[in-house]
Amino acid sequence: MNPAAPMPSMPPGVERLEPPRCPRCGGRIRPCVVWFGEALPQGPWRRAMATVGDADLLLVVGTSGVVQPAAGLADRRGIGAGRWW
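Residues numbered from 1 in each chain as written. Predicted model: local features only at pLDDT ≥ 70, side-chain atom pairs only at ≥ 80, totals over all residues. Heavy atoms only, no water.

## Description of the overall build of the chain
- Counting its secondary structure elements, the chain contains one helix and zero strands.
- Considering the chain as a whole, with its 85 residues, one finds that 7% of them fall into the buried category.
- Taking as baseline every contact in the chain between residues at least 6 positions apart, the subset at least 24 positions apart corresponds to 31%.
- Accessible area of the chain: about 8000 Å², with a carbon and sulfur share of 61%. (Helix = DSSP H or I, 4+ residues; strand = E, 2+ residues; numbered from the N terminus. Buried < 20%, exposed > 50% of the residue type's maximum accessible area, 1.4 Å probe, protein only. Contact = heavy atoms within 4.5 Å. Areas by Shrake-Rupley, 256 points an atom, 1.4 Å probe, with all protein chains shown as cover.)

## Topic: the pattern of salt bridges
- The final tally for this structure, using the stated rule, is one salt bridge.
- Taking the shortest distance from any N to any O, the salt bridge between Glu38 and Arg30 comes out at 2.6 Å.
- With a relative accessible area of 35%, Glu38 lands in the partly exposed category. (Salt bridge = Lys/Arg side-chain N within 4 Å of Asp/Glu carboxyl O.)

## Quick look at the environment of Ala50
- When you line up the elements, Ala50 lands in helix α1 (residues 42-54).
- Spatially, the C-alpha atoms of Ala50 and Leu73 are 9.7 Å apart, while their sequence positions differ by 23 residues.

## Brief notes about the environment of Pro69
- Structurally, Pro69 can be placed in the segment after α1.
- Separated by 29 residues in sequence, Pro69 and Leu40 place their C-alpha atoms 8.6 Å apart.
- The residues touching Pro69, leaving out its near neighbours within four places in the chain, are Leu40 and Trp45.

## A look at the environment of Pro19
- Here Pro19 shows up in the segment before α1.
- In sequence terms Pro19 and Pro31 are twelve residues apart; their C-alpha atoms lie 8.8 Å from each other.
- Ignoring sequence-local partners within four residues, the contact set of Pro19 consists of Arg28 and Ile29.

Structure, rendered in structure tokens:
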């Protein structure tokens, strides 16, 4: 996506809201998400890898399984360690 490209028009009935602002500095408050292309926070990522590595059962739901690095969590137990459907 080209950041300089104009945004498409919103469909009728959809209101565009500005992000909330910090009461101290006036800057935009960032949502608690990781955007595509950003690195995952290292602490939570290490805990996720350790937790998956210790799991007896892992259900991976609601993903295509191709977006890395999160898609790699399912492989932490090793190929053939469990049953894949």
